[in-house]
Amino acid sequence: MRQEDQLPIQTLLPMQARPRRCALAALALFAACAGAGSVRAQPENGPEKGAEKPAESGALARLVGSAPFKAARQALADDHERFVAEIITLTEIPAPPFKEEARARAFAAMLKASGLADVTMDSLGNVVARRPGRDPSLPPLIVAAHLDTVFPEGTDVGVRREGTRLLAPGIGDDTRGLAQLLALVRAMDRARISTRRDLVFVGNVGEEGAGDLRGMRHLFASHPAARNAAGFITIDGSGAARITTTGVGSRRFRLTFAGPGGHSFEKFGIVNPVAALARTVSGLYAVPVPAEPRTTFSASIIGGGTSVNAIPAKAFVEIDIRSAAPAEIARIDRALHDIAQAAVDEENAARSTAMGRITVSFETIGDRPAGTTLPSSALARHAHDMAVLMGLQPAFIAQSTDANVPMSLGIPAIAIGTGGRGGGEHTLGEWIDVSKDEAVQGMAVVLGTILASAD
């Protein structure tokens, strides 16, 4: 579709009601959420009893009541079967960590088939597509979903359908998000909607686990549109009422304890790396953490040794530290280093070092930045009030998503779910429900948030 054939959203969202000046009666609920730490989950369907609704004269209410928005929402409903088919198609293309290329190429082709001409793949494998706005001088709005899943190569990703429920590993996290990007592009085109800002749609690699947000790091480090973005939305997970405004950061280490090793009987009495490892884990779990900001740690994977009758020459433990506060992550990091070194010193003092001493080395295997988008920001307000207008009960939450990266750079960013129900993420029993009404309801929240934030 030609850009000049599109209807400007500016006619629906007047200049005096642009995002940074949008004032809605739901601000009282914002304050309540922010004051409570913004991490409590609430039921999705049906407004909370006594909850305020945005004023009918509000800009978002006018947007939702406009003919183009209604046309776009109807387009989402009419397109539902194609949306479901694309979820299935993409889910059945394996995308294990660091091996997302096949899915990326399929997604790029689907973006072109959905009407976007400017579609590229960057050097890391991110798919980047641009939907031109009316004013190319304005910073763009970025809307993303991640290509990768947590499941290793060889996992059966065939989709099983039980009524409106689809079951397969990775189908909700985040394949449904990718399909939603495609559906939103088509709905905006069918309703002839244009935005002032360019919309940059991204299918990114490396969100999960060891991927360590590598796709999003690369995008914001190398892509001019990302570096200058006005805002960022990642569509990730189920529901559309849980709005991530706090990016939980994490730091992950592999600690390797090394020593001389030897026969368990003949060399009994020499230093043992496992003893130092055990002291380290025990010491870590004595470190106090605050309830707010929520801060956690976990000794997650342990290994080493070659035989039950040999004192190991090496033993390792992988440790995950998380917090919404970078200072807390740094504090636990320092404590872990001190505890590990003390454990090594204690083991070297407790047993014979005639054959060699115990040492410890740290390898960083993950480092996700923390960040925050204020619930009072225009982007967060748009998502919150759109959820209320669509009959949902929103809540601001804290979690780790691709939005961590732009948040850490000072760019307004949120994560929002795809709509509808789902569960079993990161398990072989993962599922989503694709009932049309719930799906369209959730997609309408995301659509309105995009349109309000891009104009």
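Note: the structure precedes this text.
This structure is a prediction, so every number in the text was calculated from the model and none was measured.

Describing the sheet that holds strand β13 (residues 295-304)
Phase 1 of the analysis: Across the sheet, four strands lie side by side as β13-β15-β11-β16; this open sheet has antiparallel pairing. The open sheet has two free edges, formed respectively by β13 and β16 (359-368), since each of these has just one partner strand. Neighbour to neighbour, the strand axes of the sheet diverge by 20° on average, direction disregarded.
Phase 2 of the analysis: Most of the contacts of helix α9 (residues 273-284) go to strand β15 (residues 314-323), to which it runs at about 15°, and overall it touches β11 (249-258), β13 and β15.

Digging into helix α11 (residues 378-389)
Phase 1 of the analysis: In this model α11 runs 16 Å from its N-terminal to its C-terminal C-alpha over twelve residues, within 8% of the 16 Å that 1.5 Å per residue would give.
Phase 2 of the analysis: Counting buried residues along α11, eleven of its twelve residues qualify, which places the element largely inside the surrounding structure.
Phase 3 of the analysis: Every buried residue of α11 is accounted for by Ala378, Leu379, Ala380, Arg381, His382, Ala383, His384, Asp385, Met386, Ala387 and Val388.
Phase 4 of the analysis: Looking at the residues trailing α11, positive phi occurs at Gly391, about 85°.

Section: the pattern of salt bridges
Phase 1 of the analysis: Inspection of the entire model under this criterion finds 26 salt bridges.
Phase 2 of the analysis: The partner of Asp333 in a salt bridge is Arg251, and the shortest N-O contact between them spans 2.7 Å. Of this pair, Asp333 sits in helix α10 (residues 326-350) while Arg251 sits in strand β11; the two residues are 82 residues apart in sequence, bridging distant segments of the chain.
Phase 3 of the analysis: What makes Asp333 buried here is its relative accessible area of 13%.
Phase 4 of the analysis: Shared partners join several salt bridges into a network, and the residues in it are Asp79, Arg82, Glu86 and Arg186.

A closer look at the nonpolar core
Nonpolar side chains in soluble globular proteins generally cluster together in the buried interior.
Phase 1 of the analysis: Among the nonpolar cores identified, the biggest contains 73 residues, and Phe69 and Phe107 are the most heavily contacted of them.
Phase 2 of the analysis: Apart from residues lying up to four places away in sequence, Phe107 is in contact with Leu90, Val127, Leu147, Leu178, Leu181, Leu182 and Gly203.

Here's the deal with the side chain of Thr155
Phase 1 of the analysis: You can see Thr155 is positioned in the loop between β4 (141-146) and β5 (160-162).
Phase 2 of the analysis: Among the polar contacts listed, one links the side chain of Thr155 to the backbone oxygen of Pro152, at a separation of 2.8 Å.
Phase 3 of the analysis: Setting aside anything within four residues of it in sequence, one finds Thr155 in contact with Pro169 and Leu428.

Calculation criteria
Residues numbered from 1 in each chain as written. Predicted model: local features only at pLDDT ≥ 70, side-chain atom pairs only at ≥ 80, totals over all residues. Heavy atoms only, no water. Pairing = 2+ DSSP bridges. Helix = DSSP H or I, 4+ residues; strand = E, 2+ residues; numbered from the N terminus. Axes fitted to C-alpha atoms, helices over the stretch in contact; angles between N-to-C directions. Contact = heavy atoms within 4.5 Å. Expected span 1.5 Å × (residues − 1). Buried < 20%, exposed > 50% of the residue type's maximum accessible area, 1.4 Å probe, protein only. Salt bridge = Lys/Arg side-chain N within 4 Å of Asp/Glu carboxyl O. Core = buried A, V, L, I, M, F, W, Y, C linked by side-chain atoms within 4.5 Å. Polar contact = N/O pair within 3.5 Å; in protein donor to acceptor, adjacent residues only side chain to side chain.

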